[in-house]
Structures are given as structure tokens and as C-alpha cells.
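# Inside the fold
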Amino acid sequence: MKRSRLVLATAVGLVAAATGSYLVLSRLPAGSPANRVLLLSGNIEAHESVVAFNAVQSRVVELPFDEGQWVEAGTLLARLDASDYRQQVTIGEAALRTRRAELASAKQGLEAARNGVLADVADQALRKLDWQRTGTLWHQGITSRSEFDHVETALKQSDASLQRDRALEAARARDIEVARAIVRTAREQLRLARILLDYTVLRAPFAGVILVRQAELGEVMLPGTPVVTLADLDHVWLRAYV
């Protein structure tokens, strides 16, 4: 850790020296005497970022770095106990499978209803043809009135069956729309569960030095609670006092 801090101090010192020289030279107008040099004092500061867990709460189970250590961008800084969030993902996956099965069942129901309508249409055509033929025979006195009434009743029953199955087909179509909406909701819930699971792993947003480590192993972290303060040495700046 001492070696890391020594490297950090040396790097900051070099930057300070270079930046300070630039400020002195920039204050020298062309042809100005040396006694008109403006000397400034200030501090070299690095961009600091407080890194924290977002939207999740759990116990710290991994914290591999200490203060003063250098980390690359994307390096694991801390990990929370993700058992609860992993369980939510498992539940979400099971729910999505169930909803998809319900959607498939609704589609099968619609297909069966459509087949029923097709059968009713064919039966209606047959009953209507029978009704027309029997009516002709009845008007010719070849068949009885009771026979004609029987055929006419069968035609009316066929019409009623067709209307019933068409209503059933429409209901099955609405069931599919509802099932699709439920599948979309389950898919979004699973996506959210996976996002929360990913939030249990904290990674460095950029390369830099850990200035402060606020968290400890076993500590329960709340959303937004600082874990580490990371300094970006690639973007430093000078605070000077005139």
C-alpha cells in the first residue's frame, strides 16, 4: 500500500510541476522583465468519484481491494450476497415459461374454435340444401308437413350452433391478446430481476486509484451508500490562488 501511495504522490508531483511551469510562462507577456513574473500557489487535484451500489440492498461478500491500490476500468470492486436476487430471476423465468404455455394453450383454443366454425358452416350449407329440397317436395305434396318442419328445425339448430361457435372464436381471440399482454409483463419482470441481479456486482467505472474504502466485508449496504472513492489520474486539474 505504501508503494502505491508513493507512486501516486510521485505522479501527482510531476503533474504539479509541469502544470505550475505552464502557468508561470503563460503569465509572461512578450518582452516583459523577469521581475514581473506572477507566482501562484495551488493544489493538483484528481477527479474523484464515489462508487456505490444502485437499487439493491444486501451483505458485502467480496471486497478485493484496499485503499491506495490501482484498478482498471471494469474491475470488480465489491460483490453483494445475491441469493435473494438470483431466486427472483429463477421465479421470473418459471413465471415466463408458464405464461408462454398459457399463450400456446390459448392459440390452440382459437384454432379449435375456428375448426368448429368451419364445421358449422359446412353443416349449415348441408342443412339449408336439405331444407330447400324438402320444401320443394312438400309444396309438390310428395312429403309431409312434419318432415318439412323437422328439416327446418335442424337448419335453425345449425344456425344457432354457428352463431355460438363464432362467439366462442371471438372470445378465444381475446384470450390470446390477454395472454400476450401477460407474457409481455412476465418478460419485463424477468428483465428487471436480471438487472437487479447485475447490480449486486460493483465494477470500476474508470481506471484509477482507490482513495477511500468506505465499506467492509459483511456490512449490509443500502442503495446509494458509498463503497469506495475512486480517483481518476488521467484527468487532473490545478486549483490556484491569486
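Preceding block: the structure.
Right, let's walk through the structure included here. (Residues numbered from 1 in each chain as written. Predicted model: local features only at pLDDT ≥ 70, side-chain atom pairs only at ≥ 80, totals over all residues. Heavy atoms only, no water.)

Below, the discussion takes up the overall build of the chain. Check the secondary structure of the chain and you find three helices and eight strands. Each helix (α) and strand (β) of the chain, taken in turn from the N terminus, gives the series α-β-β-β-β-α-α-β-β-β-β. The buried share of the chain, taken over its 242 residues, is 26%. The long-range fraction of contacts in the chain, counting pairs at least 24 apart against all pairs at least 6 apart in sequence, stands at 78%. Accessible surface for the chain amounts to roughly 15500 Å². Of this, 55% is attributable to carbon and sulfur atoms. (Helix = DSSP H or I, 4+ residues; strand = E, 2+ residues; numbered from the N terminus. Buried < 20%, exposed > 50% of the residue type's maximum accessible area, 1.4 Å probe, protein only. Contact = heavy atoms within 4.5 Å. Areas by Shrake-Rupley, 256 points an atom, 1.4 Å probe, with all protein chains shown as cover.)

Moving on, we come to unusual backbone geometry. Within the chain, alanine 55 stands out as a residue other than glycine whose phi angle is a positive 70 degrees. Topologically, alanine 55 is positioned in the loop between β1 (41-52) and β2 (58-62).

What follows covers the nonpolar core. Counting 20 residues, the largest nonpolar core has Phe53, Val71, Leu77, Ile210, Met221, Val227 and Leu230 as its most contacted members. Those elements that provide at least two residues to this core are β4 (76-80) and β8 (226-241). Filtering out sequence-adjacent residues up to four positions away, leucine 77 remains in contact with Val51, Glu62, Leu63, Pro64, Phe65, Val71, Leu202, Arg203, Ala204, Ile210 and Val228. Core analysis: the second largest hydrophobic core is formed by eleven residues, Leu96, Ala179, Ala186 and Ala193 among them. (Core = buried A, V, L, I, M, F, W, Y, C linked by side-chain atoms within 4.5 Å.)

So, on to the environment of glutamate 62. In this structure, glutamate 62 sits in strand β2. The spatial distance from the C-alpha of glutamate 62 to the C-alpha of alanine 78 is 5.4 Å, given a sequence separation of 16 residues. Filtering out sequence-adjacent residues up to four positions away, glutamate 62 remains in contact with Leu76, Leu77, Ala78, Arg79 and Leu217. Of the polar contacts made by the side chain of glutamate 62, one reaches the side chain of arginine 79; its length is 2.9 Å. (Polar contact = N/O pair within 3.5 Å; in protein donor to acceptor, adjacent residues only side chain to side chain.)

Turning to the side chain of aspartate 165, a few remarks are in order. Its place among the elements puts aspartate 165 in helix α3 (residues 145-198). On the basis of relative accessible area, aspartate 165 is assigned to the buried category, the value being 12%. Leaving out residues up to four positions away in the same chain, aspartate 165 has contacts with Ala113, Gly116, Val117 and Asp120.

Function-wise, these values are silent; they only describe arrangement.
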